[in-house]
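If you want the building blocks of each chain, they are given just below.
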Protein chains: 2
Amino acid sequence: MDYSTNDSKSTSKKKVVAVVGGGLVGNLNACYFAKRGFQVEVFESREDIRQAKIVKGRSINLVLSHRGRQALKHVGMEDTIISKGIPMHSRMIHALNGTQSPIPYGKKGQYILSIDRANLNKELLSAAETYPNINLNFAHKLLNWSTETGAMTFHLFVEEIQADLIVGCDGAFSAIRKQFLRQSRFNYSQTYIPHGYLEITMPPINGEFAMKPDYLHIWPRNTFMMIALPNLDKTFNCTLFMPFEEFEKVTTGDKVIEFFQKYFPDAIPLIGAEALKRDFFRLPAQAMVSVKCSSYHFGDKCVLMGDAAHAMVPFYGQGMNAGFEDCLVLNEIMDQLNEDFSAVLPEYTRVRVPDGQAIADLAMYNYVEMREHVNSKWFLFRKYVDNFLHIIMPRTIIPLYTMVTFTRTRYHKVVKHWHWQDKVINQGLLFCAAVSVAGGSYLLVRYPPSMPNIPIEQLWSRLQALKSPF
Amino acid sequence: MDYSTNDSKSTSKKKVVAVVGGGLVGNLNACYFAKRGFQVEVFESREDIRQAKIVKGRSINLVLSHRGRQALKHVGMEDTIISKGIPMHSRMIHALNGTQSPIPYGKKGQYILSIDRANLNKELLSAAETYPNINLNFAHKLLNWSTETGAMTFHLFVEEIQADLIVGCDGAFSAIRKQFLRQSRFNYSQTYIPHGYLEITMPPINGEFAMKPDYLHIWPRNTFMMIALPNLDKTFNCTLFMPFEEFEKVTTGDKVIEFFQKYFPDAIPLIGAEALKRDFFRLPAQAMVSVKCSSYHFGDKCVLMGDAAHAMVPFYGQGMNAGFEDCLVLNEIMDQLNEDFSAVLPEYTRVRVPDGQAIADLAMYNYVEMREHVNSKWFLFRKYVDNFLHIIMPRTIIPLYTMVTFTRTRYHKVVKHWHWQDKVINQGLLFCAAVSVAGGSYLLVRYPPSMPNIPIEQLWSRLQALKSPF
């Protein structure tokens, strides 16, 4: 089937865009192209999830923040989606002894939203369907496409399908991307982290949330941790992150209880011992992958967006937001370059690759930070200093989390600014320390006390100690 | 065709090993397995290169050093190969004004060897052929293999081929590795550097080498550089490394001469202007890729070795040496674990992955170092300090290049030791500086000169200047 216009000079007839993947980014993208008047064919490998029976407790929560909201706003969907999300103003840290302490995400009034993934996908499908020039093709699993002709072949369909542009929104394990890998000078990396994740539902208690709902609850426990996000049905979706080798040790229901007793005792009565034993083994622990690649485009034929271009580990809550922002960025470039794909796609790669790589790196950095740094006193002291400086110099010093979550500052500029302010703050602290030491030395020499007799080894170890966190 | 023994309990009949790729590592590996009594089938996609007409000037030089020599020694080939190599004791740095300065690779008596790749491959094929239990299958291009059955299919051959173990020695673009990529938790990265390379032959002058032969000649020119390695036929093989975008600017013979006039004037009379114009356009500039992955094995069925596991950029001269050492490492593990593939392959991954990744990283580090650091005064000062300390503490402080090139210290331990000694030396230098400053301050306060009146901004910029290299 040849959907393509064939005649590139015909301006009256709009070109055909094939969006491969009917997930979050695919459907939003379809709306963007449809708004511009393109004929859009969406190809999704699954059946229509709106028709499928809802599998209770299989919903995964996502975090929606500024970038994603801006992208939804452009197609008039922000309010609908926000109304079905639950605002979270702060993290709530659960210590081992059960005490809870909130840490705000930003300034007063700034919050992120807990969103139900399945529901969001359904809303986006229904929104796409309202455009007369979008055609949803379910049960179309891409087998292959030709980089020469651009023709796509689908599982169980004999006919080849042709479009003017292929948009690969088919996720971390993108079938579209496979053809990119065979080209020379295509940079690619897929990195699995040693941690897996497992989801457990915390039911309502007497029809109410079992914990305070307007928080993202965190149980940090060094090498592993649990988080919980609130759902509209008053459940919490708990996610346990842990190295695969630790998961392998927990083999029986009794061991699950023993494990929770040791690390998350306050969660046992809230989830319920029996439910815990059952949920823990419902599915094996899932792997998490980080994907970076370059370029994002192939000639004027194909472009990768969302997880297909930059799948990331989930520790910054930016996966969906970055994918949604992709749609916004492509849209801006389409405006600038008059919808000429041969100019738009290279420009999209030039602009978006540094940002895609930056946010994938930041997510990986947060994976390390959450486990290793959160307990370092130096790290907490620096967070404190950063927040203080942000209050007195709100435009110069901006905490990393704020730039990522509550602005549309390009991700790679976020990283640059972060490194710059980190250096400035550290130098400032060093300078203060140096001035104190110099002043002290001067006073010591001017008004000498009885001379201490420190052997050189001891002096060395004292110098070393200065470098440890405080 | 089923080469496999099928009966895993039969100890009388040796198992069948399929080596995919009849290049350097493939053939050496075949010899290792054959020495152990396995039936070895080598599958090479090309025709027998010993039968092919020699294409003059297409030979590429490789650098052979300690690790590669040790691996060749084990199958009695070290002396033959060394006799056809040319020892290089030092680098010879060509400055823009034509002056040449040698920098030794190690201590007196330590050298690396310039080796002709095509000839080495032929020698290894002939060596493999001397084993009655090695069978060379040319023109066998692997299409696919099944991770379930282990069956391999080859281009133009209808029959499937089965072996007890598949050894993937099929290079940076390994066909065997493709199946690994489809497995969950397989980490993989391929990174192309912005540089390409191009080879030019420097002919003999009056039957003699045009430059001193016992050196690796280097023309470092910041973002690009040229190197030249001597051949037995008294030619030099020059390789120009340059960003692709720079290559694209040199479009005509005249521009080639102009370019060389500007950057490598001393090389023009040695290569000859006409030959230079011709050779420059014989082939387009070639890309260079760095590949890292993990694991190296798949069950007890398949293992990746050489470039298929860890292709690297050529700036450490370790690609072949690392691949040859792979054979030695697998062989050591085969001894330890009694040739039980189900134990040998995971152990090989455990032991070899950190080393494969370390040398790929070091090669990439050298790519940056060669261009950016070589001209930094701090870098040269530190090289000087390292070499001095190596002389007075030969077992404690060992230059990085020496550990990589002249020892069999595991690559990842090389990196560890390097970081450790770097820290120790830097701390030592810092300590010396601190003692000087403290002593100076004390003297200044005790015997104050007229007090200088330095404004705070100036003091700050002076402090900043201290951080620049000297």
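Residues numbered from 1 in each chain as written. Chains lettered and ligands numbered in written order. Predicted model: local features only at pLDDT ≥ 70, side-chain atom pairs only at ≥ 80, totals over all residues. Heavy atoms only, no water.

Chemist: Tell me about the overall build of chain A, and name the residues and values.
Modeler: The helix and strand inventory of chain A stands at 16 helices and 19 strands. Taken over the C-alpha atoms alone, chain A extends approximately 95 × 55 × 40 Å along its principal axes. Long-range pairs, those at least 24 residues apart, make up 71% of the contacts in chain A between residues at least 6 apart in sequence. Summed over all atoms, the accessible surface of chain A reaches about 22900 Å², with 57% contributed by carbon and sulfur. Of the charged side chains in chain A, 51 are positive and 44 negative, and the gap between their average positions amounts to 7 Å. (Helix = DSSP H or I, 4+ residues; strand = E, 2+ residues; numbered from the N terminus. Contact = heavy atoms within 4.5 Å. Areas by Shrake-Rupley, 256 points an atom, 1.4 Å probe, with all protein chains shown as cover. Lys, Arg positive; Asp, Glu negative; His and termini not counted. Charge placed at Lys NZ, Arg CZ, Asp CG, Glu CD.)

Chemist: Can you explain the pairing of strand 11 (residues 157-161) of chain B? Please cite residues and give values.
Modeler: Residue and element names in this part refer to chain B. As defined by bridge partners, strand 10 (residues 152-154) adjoins strand 11 across 2 bridges and the pair is classed as antiparallel. What sits directly across from Met152, in strand 11, is Ile161. The hairpin formed by strand 10 and strand 11 contains 2 residues between the paired strands, and Leu156 there has a positive phi angle of roughly 75°. (Pairing = 2+ DSSP bridges.)

Chemist: Break down the sheet that holds strand 4 (residues 86-88) of chain B for me, citing the residues and quoting the values.
Modeler: Residues and elements named next belong to chain B. Read across the open sheet, the 3 strands follow the order 3-7-4; overall the sheet is antiparallel. On the outer flanks of this sheet lie strand 3 (61-64) and strand 4, each paired with one strand and no other. Strand-to-strand, the axes of this sheet are offset by a mean angle of 35°, without reference to chain direction. (Axes fitted to C-alpha atoms, helices over the stretch in contact; angles between N-to-C directions.)

Chemist: Lay out the packing of aromatic side chains with the relevant residues and their values.
Modeler: Any pair of aromatic rings gets described here by the distance separating the centres and the angle formed by the planes. Applying the stated criterion to the full structure yields 55 aromatic pairs over all chains. Arranged with centres 5.7 Å apart and planes meeting at 80°, the rings of Phe33 of chain B and Phe38 of chain B form a pair that is edge-to-face. With respect to class, Phe33 of chain B is no different from Phe38 of chain B; both count as buried. Connected via pairs of aromatic rings, a cluster forms that spans Trp145, Phe180, Phe186, Tyr188 and Phe298 of chain A together with Trp145, Phe180, Phe186, Tyr188 and Phe298 of chain B. Note that Arg185 of chain A overlies the ring of Phe244 of chain B, its terminal NZ or CZ placed 3.6 Å from the centroid. (Phe/Tyr/Trp six-rings, centres within 6.5 Å; stacked < 30°, edge-to-face > 60°. Buried < 20%, exposed > 50% of the residue type's maximum accessible area, 1.4 Å probe, protein only. Lys NZ or Arg CZ within 6 Å of the ring centre and 35° of its normal.)

Chemist: Mind laying out the nonpolar core, listing which residues take part and the relevant values?
Modeler: Core analysis: the largest hydrophobic core is formed by 160 residues, its most contacted members being Met152 and Phe324 of chain A together with Met152 and Phe324 of chain B. When neighbours within four sequence positions are excluded, Met152 of chain A is seen to be in contact with Ala18, Val20, Phe43, Leu142, Asn144, Trp145, Glu159, Glu160, Ile161, Ala163 and Ile166 of chain A. Ile227, Leu229, Ile398 and Phe406 of chain B belong to the second-largest nonpolar core, a separate cluster that totals 34 residues. (Core = buried A, V, L, I, M, F, W, Y, C linked by side-chain atoms within 4.5 Å.)

Chemist: An account of the domain arrangement of chain A is requested, with residue identities and associated values reported.
Modeler: When the domains of chain A are assigned, the result is domain 1 (16-84 + 117-191 + 290-369), domain 2 (194-287) and domain 3 (377-446). Placing a centre on the C-alpha atoms of domain 2 of chain A and another on those of domain 3 of chain A gives a separation of 36 Å. (Domains from an automatic or database assignment.)

Chemist: So what's going on with the packing of helix 1 (residues 24-35) of chain A against helix 4 (residues 117-129) of chain A? Residues and values would help.
Modeler: Residue and element names in this part refer to chain A. In contact at an axis separation of 9 Å, helix 1 and helix 4 are set at 25° when each is read in the N-to-C sense. Judged by the angle between their axes, helix 1 and helix 4 are roughly parallel. The hand of the helix 1/helix 4 crossing is left-handed. On helix 4, the residues touching Leu24, Asn27, Leu28 and Cys31 of helix 1 are Arg117, Leu120, Asn121, Leu124, Leu125, Ala127 and Ala128. Counted by class, the contact of helix 1 with helix 4 contains 8 nonpolar, 2 polar and 1 charged residues. (Parallel < 35°, antiparallel > 145°, perpendicular 65-115°, else oblique. Left-handed = near helix turned anticlockwise from the far one by under 90°. Nonpolar A, V, L, I, M, F, W, Y, C, P; charged D, E, K, R; others polar.)

Chemist: Can you tell me about the pattern of salt bridges, naming the residues and giving the values?
Modeler: In this structure the tally under the stated criterion is 44 salt bridges over all chains. A salt bridge links Asp48 of chain B to Arg50 of chain B; the nearest nitrogen and oxygen atoms lie 2.8 Å apart. For Asp48 of chain B, a relative accessible area of 10% gives the class buried. Residue Arg352 of chain B is joined to Asp355 of chain B by a salt bridge in which the shortest nitrogen-to-oxygen separation is 3.9 Å. In this pair, Arg352 of chain B and Asp355 of chain B are both assigned in helix 12 (residues 341-373), 3 residues apart and thus about one turn of the helix distant. Members of the salt-bridge network, linked through shared partners, are Arg67, Glu325, Asp326, Glu332, Arg352, Asp355, Arg408 and Arg410 of chain A. (Salt bridge = Lys/Arg side-chain N within 4 Å of Asp/Glu carboxyl O.)

Chemist: Provide a residue-level description of the side chain of Asn321 of chain B, including the pertinent values.
Modeler: All names here are of chain B. Looking at the secondary structure, you find Asn321 in helix 11 (residues 319-336). Asn321 sits in the buried class, given a relative accessible area of 0%. Of note is the side chain of Asn321, whose polar atom sits 2.9 Å from the backbone nitrogen of Ser65. In terms of polar contacts, Asn321 uses its side chain to reach the backbone carbonyl oxygen of Gly317, at 3.0 Å. (Polar contact = N/O pair within 3.5 Å; in protein donor to acceptor, adjacent residues only side chain to side chain.)

Chemist: Describe in detail the side chain of Asn321 of chain A, supporting the description with residues and values.
Modeler: Within the structure, the side chain of Asn321 of chain A is placed 2.8 Å from the backbone oxygen of Val63 of chain A, a separation counted as a polar contact. When neighbours within four sequence positions are excluded, Asn321 of chain A is seen to be in contact with Val63, Leu64, Ser65, Arg67, Gly68 and Tyr411 of chain A.

Chemist: A description of unusual backbone geometry should follow, citing residues and the corresponding values.
Modeler: All names here are of chain A. Ser294 connects to Ser295 through a cis peptide bond whose omega is 5°. Tracing the backbone shows Ser295 in the loop between strand 17 (286-294) and strand 18 (297-298). The backbone of Lys234 sits at a positive phi, close to 70°, despite the residue not being glycine. Residue Lys234 is classed as partly exposed on the basis of its relative accessible area, which comes to 29%.

Chemist: Now, about helix 13 (residues 377-392) of chain A: what can you tell me, with residues and values included?
Modeler: All names here are of chain A. Helix length check: helix 13, at 16 residues, gives a terminal C-alpha distance of 23 Å against a target of 22 Å (1.5 Å per residue), a fit within 8%. Listed as buried for helix 13 are Phe379, Arg382, Val385, Asp386, Leu389 and His390. Viewed end-on, helix 13 has its buried residues packed into an arc of 135°, placing them on one side of the element. Residues Lys377, Tyr384, Phe388, Ile391 and Ile392 are exposed on helix 13 and point more than 90 degrees away from its buried face. (Expected span 1.5 Å × (residues − 1). Arc of directions from axis to C-beta.)

Chemist: Which residues make up the state of the cysteines, and what are the values?
Modeler: In protein structure, a disulfide is the covalent linkage between the sulfur atoms of two cysteines. A full pass over the atoms with the stated rule returns 0 disulfides over all chains. Between Cys169 of chain A, a cysteine without a disulfide, and Cys327 of chain A, which holds the nearest cysteine sulfur, the sulfur-to-sulfur distance is 6.6 Å. (Disulfide = S-S within 2.5 Å.)

Chemist: Could you give an account of the environment of Trp378 of chain B, with specific residues and numbers?
Modeler: Secondary-structure assignment places Trp378 of chain B in helix 13 (residues 377-392). For the pair formed by Trp378 of chain B and Leu429 of chain B, sequence separation is 51 residues and the distance between their alpha carbons is 12 Å.

Chemist: Could you give me a rundown of the environment of Ala18 of chain A, with the residues and numbers involved?
Modeler: Residues and elements named next belong to chain A. The residue Ala18 is located in strand 1 (residues 16-20) in this model. Separated by 150 residues in sequence, Ala18 and Gly168 have C-alpha atoms that sit 8.5 Å apart. Residues in contact with Ala18, not counting those within four places in the same chain, are Glu41, Phe43, Met152, Ala163, Leu165, Ile166 and Val167.

Chemist: Break down the environment of Gly319 of chain B for me, citing the residues and quoting the values.
Modeler: Residue and element names in this part refer to chain B. Following the sequence through the fold, Gly319 ends up in helix 11. A residue is classified by how much of its surface remains accessible, and Gly319, at 24% relative accessible area, is partly exposed. C-alpha of Gly319 to C-alpha of Thr407: the two residues are 88 residues apart in sequence and 15 Å apart in space.

Chemist: Give a description of the packing of helix 7 (residues 253-263) of chain B against helix 9 (residues 273-280) of chain B that names residues and reports values.
Modeler: Angle between the axes and distance between the axes are the two parameters that describe a pair of packed helices. All names here are of chain B. Put simply, helix 7 and helix 9 touch, their axes get as near as 9 Å, and they point 115° apart. Looking at the two axes, helix 7 sits roughly perpendicular to helix 9. The two elements helix 7 and helix 9 cross, and the hand of that crossing is right-handed. Across the interface between the two elements, Gly253, Asp254, Val256, Ile257 and Phe260 from helix 7 touch Ala273, Leu276, Lys277 and Phe280 from helix 9. Among the residues making up the contact of helix 7 with helix 9, the classes are represented as 6 nonpolar, 1 polar and 2 charged.

Chemist: Residues and numbers for the sheet that holds strand 18 of chain A, please.
Modeler: All names here are of chain A. One open sheet accounts for 6 strands, arranged 8-2-1-12-19-18; its pairing is mixed. With partners counted over all chains shown, the strands left at the sheet margins are strand 8 (134-137) and strand 18, one partner each. Here strand 1 runs beside strand 2 (residues 39-43); their pairing, made up of 5 bridges, is parallel. In the strand pairing of strand 2, Val17 is matched with Val40. Each of strand 1, strand 2, strand 8 and strand 12 (165-168) touches helix 1; the most contacted strand, strand 2, lies at about 170° to it.

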